[in-house]
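Here's the letter readout for the chains.
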Amino acid sequence: MELLIYHANQCDPKRCTGKKLERFKLARTTKRWNKLRGYLVLSPFSEKALSPADRFEVGRGIAALDCSWAHAEEVFGKMRLKERALPFLVAANPVNFGKPFKLSTVEAFAAALVILGERPQAEEILAKFSWGHVFLELNQEPLEEYAAAKDSSEVVAIQAEYLQ
């Protein structure tokens with residue numbers, strides 16, 4: 001599945017998981033909004049959760065916005081695209097380890113790929129990071145449950161169980 005990253009140049013280039021994916025030719029980056037059309041965009045501000053049913057909505061692939069969490073709402077607020085939010089997951093990246101919902105770009109892509117039934121590709125992109133396998137280990141149970149859900153409302157119900 002094609003992975004596209006809108007890069008806002010707001011993060012530390014040495015820690016940027018999106019740039020690393022691009023270096024390994026596992027994702028493409030763009031600085032133009034219009035290039036996101038036709039992709040399913042991962043957004044923490046979407047009102048609809050990503051589910052296996054979205055596999056048919058992917059179009060050209062999955063897109064993520066690589067920006068600082070401090071500016072995320074501002075960046076995402078500019079968009080008017082087909083968006084989906086990832087459900088509750090815990091970050092394994094060194095910057096936000098153990099924090100819920102604070103995923104790096106590679107973690108967001110990997111979670112989406114698992115939910116959409118593309119686990120081998122998720123493992124491939126995470127393998128480029130020493131901590132990548134930890135993300136799948138930390139989130140193994142919820143990812144399996146989300147991937148088995150039939151639609152967004154079922155994903156939200158599963159998420160509610162984890163948030164209690």
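Here the structure is a predicted model, which means the values were calculated and not measured.

It is worth spelling out the sheet that holds strand β5 (residues 83–84) at this point. Taken together, the 5 strands give an open sheet; going across it, the order is β2-β1-β4-β3-β5, and neighbouring strands pair in parallel fashion. Of all strands in the sheet, those with a lone pairing partner are β2 (28–30) and β5, marking the two edges. In the sheet, strand β3 (residues 39–42) pairs with strand β4 (residues 61–66) via 4 bridges, with the strands oriented parallel. Paired with Leu42 across the strands is Ala64, a residue of β4. Each of β1 (3–7), β3 and β4 touches helix α3 (residues 105–115); the most contacted strand, β4, lies at about 155 degrees to it.

In terms of burial, β1 is largely enclosed, as 5 of its 5 residues are buried. Side-chain alternation along β1 places Leu3, Ile5 and His7 on one buried face and Leu4 and Tyr6 on a second face that is also buried. Note that β1 and β4 share 5 bridges and pair parallel. Bridge assignment links Leu4 to a residue of β4, and that residue is Ala63. By the bridge criterion, 3 bridges tie β1 to β2 in an arrangement that is parallel.

Conventions adopted
- Residues numbered from 1 in each chain as written.
- Predicted model: local features only at pLDDT ≥ 70, side-chain atom pairs only at ≥ 80, totals over all residues.
- Heavy atoms only, no water.
- Pairing = 2+ DSSP bridges.
- Helix = DSSP H or I, 4+ residues; strand = E, 2+ residues; numbered from the N terminus.
- Contact = heavy atoms within 4.5 Å.
- Axes fitted to C-alpha atoms, helices over the stretch in contact; angles between N-to-C directions.
- Buried < 20%, exposed > 50% of the residue type's maximum accessible area, 1.4 Å probe, protein only.

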